[in-house]
Amino acid sequence: MSAETPAVSGQFTRRRLQFRAWRGTRPFWAGLFVMLGGFPIMYFPYAHLQIGHLTLAMSTTAGASSLVIGVLLVVLGVSLWFQKHIRVFAGVAAILLGLVSLPVSNFGGFVIGFLLALIGGAMAVSWAPGEAPAPEPAKDGVEGTDGAGGAHGAVGSTGNGAGEPNDLSGTSPANGANGRHSAD
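Below is a short write-up of the structure. The model shown is predicted, which means the values in this text are computed figures rather than measured ones.

1. A short note on the overall build of the protein chain
Helix and strand counts for the protein chain come out as 6 helices and 2 strands. Helices (α) and strands (β) of the protein chain occur, in sequence order from the N terminus, as α-α-β-β-α-α-α-α. Taking all 184 residues of the protein chain together, 28% fall into the buried category. Of all intrachain contacts in the protein chain linking residues separated by at least 6 positions in sequence, the fraction that spans at least 24 positions is 58%. Element-wise, carbon and sulfur atoms account for 65% of the exposed surface of the protein chain, whose accessible area totals about 12400 Å².

2. Some points on the packing of helix H2 (residues 28-43) against helix H6 (residues 112-126)
The N-to-C vectors of H2 and H6 enclose an angle of 160°; their axes lie 7 Å apart at closest approach. Judged on the interaxial angle alone, H6 and H2 are roughly antiparallel. Relative to H6, H2 is oriented so that their crossing is left-handed. Across the interface between the two elements, Trp 29, Ala 30, Phe 33, Val 34, Leu 36, Gly 37, Pro 40 and Ile 41 of H2 pack against Ile 112, Gly 113, Phe 114, Leu 116, Ala 117, Ile 119, Gly 120, Gly 121, Met 123 and Ala 124 of H6.

3. Quick look at the nonpolar core
Counting residues in each nonpolar core, the largest one holds 13 residues, and the members touching the most others are Val 34, Ile 69, Leu 73, Leu 76, Leu 80, Ala 94 and Leu 97. Secondary structure elements with two or more residues in this core: H2, helix H3 (63-82), helix H4 (87-104) and H6. If near-sequence neighbours (up to four positions away) are discounted, Val 34 is found in contact with Leu 73, Leu 76, Gly 77, Leu 80, Ala 94, Leu 116, Ala 117, Gly 120 and Gly 121. Membership of the second largest hydrophobic core comes to 5 residues, among which are Met 35, Met 42, Val 74 and Trp 81.

4. So, the side chain of Ser 101
With respect to the element layout, Ser 101 can be found in helix H4. Residues within four places of Ser 101 in sequence aside, it is in contact with Ile 41, Ile 69, Asn 106, Phe 107, Gly 108 and Phe 114.

5. So, the packing of aromatic side chains
Considering all chains together, one arrives at 7 aromatic pairs under this definition. For the pair Phe 19 and Phe 28, a centre-to-centre distance of 5.5 Å together with 90° between the ring planes defines the contact as edge-to-face. Taking relative accessible area as the criterion, Phe 28 reaches 9% and is therefore assigned buried. On the numbers, 5.0 Å between centres and 10° between planes, the contact of Phe 28 with Trp 81 is stacked. Here Phe 28 is found in helix H2, whereas its partner Trp 81 is found in helix H3, with 53 residues between them in sequence. The pair formed by Phe 28 and Trp 81 is uniform in burial state, with each residue classed as buried. Counting every residue linked through ring pairs, the aromatic cluster contains Phe 19, Trp 22, Phe 28, Trp 29, Trp 81 and Phe 82.

6. A look at a nonpolar patch on the surface
Together, Val 88, Val 92, Leu 96, Leu 99 and Val 125 make up an exposed nonpolar region whose accessible area comes to about 380 Å². Structurally, Val 92 can be placed in helix H4. The class for Val 92 is partly exposed, based on a relative accessible area of 40%.

About the thresholds
- Residues numbered from 1 in each chain as written.
- Predicted model: local features only at pLDDT ≥ 70, side-chain atom pairs only at ≥ 80, totals over all residues.
- Heavy atoms only, no water.
- Helix = DSSP H or I, 4+ residues; strand = E, 2+ residues; numbered from the N terminus.
- Buried < 20%, exposed > 50% of the residue type's maximum accessible area, 1.4 Å probe, protein only.
- Contact = heavy atoms within 4.5 Å.
- Areas by Shrake-Rupley, 256 points an atom, 1.4 Å probe, with all protein chains shown as cover.
- Axes fitted to C-alpha atoms, helices over the stretch in contact; angles between N-to-C directions.
- Parallel < 35°, antiparallel > 145°, perpendicular 65-115°, else oblique.
- Left-handed = near helix turned anticlockwise from the far one by under 90°.
- Core = buried A, V, L, I, M, F, W, Y, C linked by side-chain atoms within 4.5 Å.
- Phe/Tyr/Trp six-rings, centres within 6.5 Å; stacked < 30°, edge-to-face > 60°.
- Patch = residues over 30% accessible without salt bridge, like charges linked within 9 Å, V, L, I, M, F, W, Y side chains within 5 Å.
- Salt bridge = Lys/Arg side-chain N within 4 Å of Asp/Glu carboxyl O.

Shown next, in the form of C-alpha coordinates:
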(Lines give C-alpha, C1' and ligand atoms only; values in the text may rest on other atoms or scores of the structure.)
Protein backbone atom coordinates (compact mmCIF):
# COMPACT_ATOMS: atom_id res chain seq x y z
CA MET A 1 0.00 0.00 0.00
CA SER A 2 1.55 3.30 -1.01
CA ALA A 3 1.40 6.54 0.94
CA GLU A 4 -0.90 8.03 -1.66
CA THR A 5 -3.50 5.27 -1.46
CA PRO A 6 -6.30 6.46 0.76
CA ALA A 7 -7.62 4.20 3.47
CA VAL A 8 -11.17 3.02 3.28
CA SER A 9 -13.00 6.22 2.57
CA GLY A 10 -15.11 7.44 5.43
CA GLN A 11 -14.03 4.78 7.90
CA PHE A 12 -12.35 7.29 10.22
CA THR A 13 -15.40 9.54 10.11
CA ARG A 14 -17.74 6.62 10.72
CA ARG A 15 -15.68 5.41 13.72
CA ARG A 16 -15.48 8.93 15.11
CA LEU A 17 -19.24 9.34 14.85
CA GLN A 18 -19.81 5.94 16.47
CA PHE A 19 -17.53 6.92 19.36
CA ARG A 20 -19.30 10.26 19.65
CA ALA A 21 -22.70 8.55 19.83
CA TRP A 22 -21.40 6.06 22.42
CA ARG A 23 -19.84 8.86 24.46
CA GLY A 24 -23.10 10.83 24.43
CA THR A 25 -25.10 8.07 26.08
CA ARG A 26 -23.01 7.80 29.26
CA PRO A 27 -21.10 10.00 31.73
CA PHE A 28 -17.90 9.78 29.67
CA TRP A 29 -16.16 12.93 30.95
CA ALA A 30 -17.02 12.10 34.55
CA GLY A 31 -15.44 8.67 34.15
CA LEU A 32 -12.36 10.20 32.55
CA PHE A 33 -11.89 12.72 35.36
CA VAL A 34 -12.37 10.05 38.05
CA MET A 35 -9.93 7.73 36.30
CA LEU A 36 -7.34 10.50 35.85
CA GLY A 37 -7.75 11.39 39.53
CA GLY A 38 -6.69 7.88 40.54
CA PHE A 39 -3.33 7.99 38.77
CA PRO A 40 -1.59 10.75 40.80
CA ILE A 41 -2.97 9.30 44.02
CA MET A 42 -1.41 5.93 43.10
CA TYR A 43 1.81 7.30 41.66
CA PHE A 44 3.19 9.86 44.11
CA PRO A 45 3.56 7.64 47.21
CA TYR A 46 5.86 5.33 45.23
CA ALA A 47 7.67 7.95 43.14
CA HIS A 48 11.22 9.10 43.72
CA LEU A 49 11.27 12.64 42.41
CA GLN A 50 14.67 14.08 41.55
CA ILE A 51 15.19 17.82 41.85
CA GLY A 52 18.74 18.39 40.69
CA HIS A 53 20.89 16.18 42.92
CA LEU A 54 18.19 15.96 45.59
CA THR A 55 16.08 12.80 45.62
CA LEU A 56 12.66 13.26 47.16
CA ALA A 57 11.16 9.93 48.24
CA MET A 58 7.47 10.08 49.14
CA SER A 59 7.22 6.45 50.29
CA THR A 60 5.02 6.42 53.34
CA THR A 61 3.44 3.80 55.53
CA ALA A 62 0.15 4.74 53.91
CA GLY A 63 1.44 3.76 50.48
CA ALA A 64 -0.69 0.63 50.36
CA SER A 65 -3.87 2.56 51.13
CA SER A 66 -2.92 5.13 48.47
CA LEU A 67 -2.60 2.31 45.99
CA VAL A 68 -6.02 0.94 46.99
CA ILE A 69 -7.66 4.37 46.68
CA GLY A 70 -6.07 4.97 43.29
CA VAL A 71 -7.06 1.58 41.92
CA LEU A 72 -10.62 2.02 43.18
CA LEU A 73 -10.86 5.41 41.47
CA VAL A 74 -9.63 3.94 38.19
CA VAL A 75 -12.14 1.08 38.47
CA LEU A 76 -14.94 3.55 39.25
CA GLY A 77 -13.97 5.63 36.23
CA VAL A 78 -14.07 2.62 33.91
CA SER A 79 -17.34 1.41 35.41
CA LEU A 80 -18.87 4.85 34.76
CA TRP A 81 -18.14 4.28 31.08
CA PHE A 82 -19.59 0.79 30.82
CA GLN A 83 -22.19 0.67 33.63
CA LYS A 84 -23.94 4.03 33.39
CA HIS A 85 -26.75 2.99 35.75
CA ILE A 86 -24.37 3.07 38.75
CA ARG A 87 -23.45 6.71 38.14
CA VAL A 88 -24.76 8.01 41.48
CA PHE A 89 -23.01 5.32 43.51
CA ALA A 90 -19.77 5.71 41.56
CA GLY A 91 -19.92 9.51 41.84
CA VAL A 92 -20.47 9.49 45.60
CA ALA A 93 -17.79 6.84 46.06
CA ALA A 94 -15.33 8.89 43.96
CA ILE A 95 -16.01 11.99 46.05
CA LEU A 96 -15.54 10.06 49.31
CA LEU A 97 -12.35 8.39 48.06
CA GLY A 98 -11.03 11.76 46.95
CA LEU A 99 -11.70 13.20 50.40
CA VAL A 100 -10.06 10.21 52.10
CA SER A 101 -7.01 10.63 49.89
CA LEU A 102 -6.23 14.03 51.42
CA PRO A 103 -4.85 12.71 54.73
CA VAL A 104 -3.82 9.29 53.41
CA SER A 105 -2.06 9.95 50.12
CA ASN A 106 0.19 13.02 50.26
CA PHE A 107 -2.66 15.52 50.18
CA GLY A 108 -4.55 13.56 47.56
CA GLY A 109 -1.73 13.23 45.06
CA PHE A 110 -0.56 16.80 45.66
CA VAL A 111 -4.20 17.98 45.36
CA ILE A 112 -4.23 17.07 41.64
CA GLY A 113 -5.84 13.66 42.11
CA PHE A 114 -8.13 15.00 44.83
CA LEU A 115 -9.52 17.74 42.58
CA LEU A 116 -9.91 15.45 39.58
CA ALA A 117 -11.75 12.84 41.68
CA LEU A 118 -13.99 15.52 43.21
CA ILE A 119 -14.87 17.10 39.86
CA GLY A 120 -15.43 13.73 38.18
CA GLY A 121 -17.57 12.48 41.07
CA ALA A 122 -19.71 15.61 40.97
CA MET A 123 -20.11 15.28 37.22
CA ALA A 124 -21.16 11.64 37.61
CA VAL A 125 -23.77 12.43 40.24
CA SER A 126 -25.22 15.30 38.23
CA TRP A 127 -25.27 13.52 34.85
CA ALA A 128 -28.69 12.55 33.57
CA PRO A 129 -29.40 10.50 30.46
CA GLY A 130 -30.73 12.61 27.64
CA GLU A 131 -34.00 12.03 25.88
CA ALA A 132 -34.49 12.04 22.16
CA PRO A 133 -35.97 15.36 21.05
CA ALA A 134 -39.66 15.19 20.28
CA PRO A 135 -40.60 16.16 16.73
CA GLU A 136 -42.08 19.64 16.58
CA PRO A 137 -45.53 20.00 15.00
CA ALA A 138 -45.84 21.93 11.76
CA LYS A 139 -46.52 25.61 12.32
CA ASP A 140 -48.39 26.26 9.06
CA GLY A 141 -52.13 26.55 9.57
CA VAL A 142 -52.10 25.34 13.17
CA GLU A 143 -55.20 26.46 15.01
CA GLY A 144 -54.80 28.23 18.35
CA THR A 145 -51.80 30.44 17.66
CA ASP A 146 -51.83 34.19 17.67
CA GLY A 147 -49.98 36.41 15.23
CA ALA A 148 -46.99 36.80 17.57
CA GLY A 149 -46.27 33.08 17.52
CA GLY A 150 -47.53 32.41 21.07
CA ALA A 151 -50.00 29.62 21.66
CA HIS A 152 -53.40 30.08 23.27
CA GLY A 153 -54.09 27.21 25.63
CA ALA A 154 -50.46 26.16 26.10
CA VAL A 155 -49.46 23.71 28.79
CA GLY A 156 -49.67 25.42 32.15
CA SER A 157 -52.26 28.01 31.15
CA THR A 158 -55.28 28.77 33.30
CA GLY A 159 -57.96 27.77 30.82
CA ASN A 160 -60.78 25.54 31.94
CA GLY A 161 -61.31 23.71 28.64
CA ALA A 162 -61.71 19.95 28.55
CA GLY A 163 -58.36 18.16 28.65
CA GLU A 164 -56.46 21.40 29.18
CA PRO A 165 -54.14 21.47 32.23
CA ASN A 166 -54.83 24.11 34.84
CA ASP A 167 -51.81 25.19 36.86
CA LEU A 168 -53.05 26.78 40.06
CA SER A 169 -49.76 26.58 41.91
CA GLY A 170 -49.21 30.32 41.71
CA THR A 171 -45.65 29.88 40.52
CA SER A 172 -46.18 29.55 36.78
CA PRO A 173 -45.70 32.72 34.76
CA ALA A 174 -48.36 31.42 32.35
CA ASN A 175 -51.14 32.05 34.88
CA GLY A 176 -50.11 35.63 35.58
CA ALA A 177 -49.32 35.04 39.24
CA ASN A 178 -45.62 35.84 38.82
CA GLY A 179 -44.72 33.64 41.79
CA ARG A 180 -47.21 35.26 44.18
CA HIS A 181 -50.19 33.35 45.52
CA SER A 182 -53.60 34.92 45.25
CA ALA A 183 -56.36 34.67 47.84
CA ASP A 184 -59.04 33.33 45.47
